[in-house]
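Below are the chains, spelled out letter by letter.
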Amino acid sequence: MAFLHTVYICRRHLSADMRRLTPKTRALLDRILRVDHAGELGAVRIYEGQLAVLGRTKTAPLIEEMLEQEKKHLSKMCELIPQNRVRPTVLSPVWNVAGFLLGASSALMGKEAAMACTVAVETAIGEHYDK
């Protein structure tokens, strides 16, 4: 849901002439794109970490399905970032490593912990967008 919200905002505002945006609106759109890009990267890495541990279990197809969905979201964000001349977060290397470690460590605790990790992350994202 959060991903669709971002795409809607980008299409609505960024399709307009960029020179007509106020500095405040431009800064807000930059921040939204940057945060969502980081979130999608983190989500992909969490699922990749979970698959590194649970890749040969009955849970793997579900994780692979979620991973593919997040990869599509990340691909769109990777398209929007340069298209709108937004710099990605400087913390991308951190999200890359931290996301994988979070996914792998939760999966090491078992399938239930891996799924709890996923629910917790999605809940936190939902709460962030509700504010």
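Worth saying up front: this structure is predicted, and the values here are computed from it rather than measured.

Engineer: How should I be thinking about the pattern of salt bridges in this particular structure?
Structural biologist: It is possible for side chains of opposite charge to pair when their charged atoms get near one another. Applying the stated criterion across every chain, the model contains 4 salt bridges. Two residues, Lys71 and Glu68, come together in a salt bridge whose shortest N-O distance is 3.9 Å. Of this pair, Lys71 and Glu68 both sit in helix H3 (residues 60-83), 3 residues apart, which is roughly one turn of the helix. For Lys71, a relative accessible area of 35% gives the class partly exposed.

Engineer: Teacher, can you tell me more about H3 here?
Structural biologist: Each α-helix turn comprises 3.6 residues. Residues three or four places apart therefore point the same way. Its 24 residues place the ends of H3 34 Å apart at the C-alpha level, agreeing with the 34 Å of an ideal helix rising 1.5 Å per residue. For H3, the complete set of buried residues consists of Ala60, Ile63, Met66, Leu67, Glu70, His73, Leu74, Met77, Leu80 and Ile81. Arg85 lies just past H3 and shows a positive phi near 55 degrees.

Engineer: Quick question: what am I supposed to make of the packing of helix H2 (residues 23-54) against helix H5 (residues 111-130) here?
Structural biologist: Helix-helix packing: each pair is described by the crossing angle between the helix axes and the interaxial distance. Running from N to C, H2 and H5 point in directions that differ by 175 degrees, and their axes come no closer than 11 Å. One element, H2, and the other, H5, form an angle in the roughly antiparallel class. Each of Val35, Asp36, Ile46, Tyr47, Gln50 and Leu54 in H2 lies in contact with H5, whose residues at this interface are Lys111, Ala114, Cys117, Thr118, Val121, Glu122, His128 and Tyr129. Of the residues contributing to the contact of H2 with H5, the split by class is 8 nonpolar, 3 polar and 3 charged.

Engineer: Whenever I open this one, the nonpolar core confuses me. Can you help?
Structural biologist: The nonpolar side chains of a soluble globular protein tend to be buried, and buried together. Counting residues in each nonpolar core, the largest one holds 12 residues, listed as Leu41, Val44, Tyr47, Leu51, Leu54, Ala60, Ile63, Met66, Leu67, Leu74, Ala107 and Ala114. Listed by contribution, the elements that provide at least two residues to this core are H2 and H3. Formed by 5 residues, the second largest nonpolar core is a distinct cluster that contains Leu33, Met77, Leu80 and Ile81.

Engineer: Sorry if this is basic, but what is going on with the packing of H2 against helix H4 (residues 92-108) here?
Structural biologist: At a minimum axis separation of 7 Å, H2 and H4 run at an interaxial angle of 35 degrees. Between H2 and H4 lies a crossing of right-handed hand. Touching His37, Ala38, Leu41, Gly42, Arg45, Ile46, Glu48, Gly49, Gln50, Ala52, Val53 and Leu54 of H2 are Ser92, Trp95, Asn96, Gly99, Phe100, Leu102, Gly103, Ala104, Ser106, Ala107 and Leu108, all from H4. A breakdown of the residues in the contact of H2 with H4 according to their chemical character gives 12 nonpolar, 9 polar and 2 charged.

Engineer: Whenever I open this one, H4 confuses me. Can you help?
Structural biologist: Spanning 17 residues, H4 covers 24 Å between terminal C-alpha atoms, matching the ideal 24 Å at 1.5 Å per step. By the burial criterion, the buried members of H4 are Ser92, Gly99, Gly103, Ala104, Ser106 and Ala107. Seen from one end, H4 has its buried residues packed into an arc of 165 degrees, which puts them on one side. More than 90 degrees from the buried face of H4, the exposed residues found are Pro93, Leu101 and Leu108. Looking at the buried residues of H4, the elements they touch are H2 and H5. Just downstream of H4 lies Gly110, where phi reads positive at about 120 degrees.

Engineer: Explanation requested: the confidence of the model for the chain in the structure shown.
Structural biologist: Low pLDDT marks regions whose predicted coordinates should not be analysed in detail. Mean pLDDT for the chain: 87, with 85% of residues reaching 70 or above. Across the chain, the secondary-structure element scoring lowest on mean pLDDT is helix H1 (residues 2-14), at 56, and the one scoring highest is H4, at 96.

Conventions we followed
Residues numbered from 1 in each chain as written. Predicted model: local features only at pLDDT ≥ 70, side-chain atom pairs only at ≥ 80, totals over all residues. Heavy atoms only, no water. Salt bridge = Lys/Arg side-chain N within 4 Å of Asp/Glu carboxyl O. Helix = DSSP H or I, 4+ residues; strand = E, 2+ residues; numbered from the N terminus. Buried < 20%, exposed > 50% of the residue type's maximum accessible area, 1.4 Å probe, protein only. Expected span 1.5 Å × (residues − 1). Axes fitted to C-alpha atoms, helices over the stretch in contact; angles between N-to-C directions. Parallel < 35°, antiparallel > 145°, perpendicular 65-115°, else oblique. Contact = heavy atoms within 4.5 Å. Nonpolar A, V, L, I, M, F, W, Y, C, P; charged D, E, K, R; others polar. Core = buried A, V, L, I, M, F, W, Y, C linked by side-chain atoms within 4.5 Å. Left-handed = near helix turned anticlockwise from the far one by under 90°. Arc of directions from axis to C-beta. pLDDT = per-residue confidence, 0-100.

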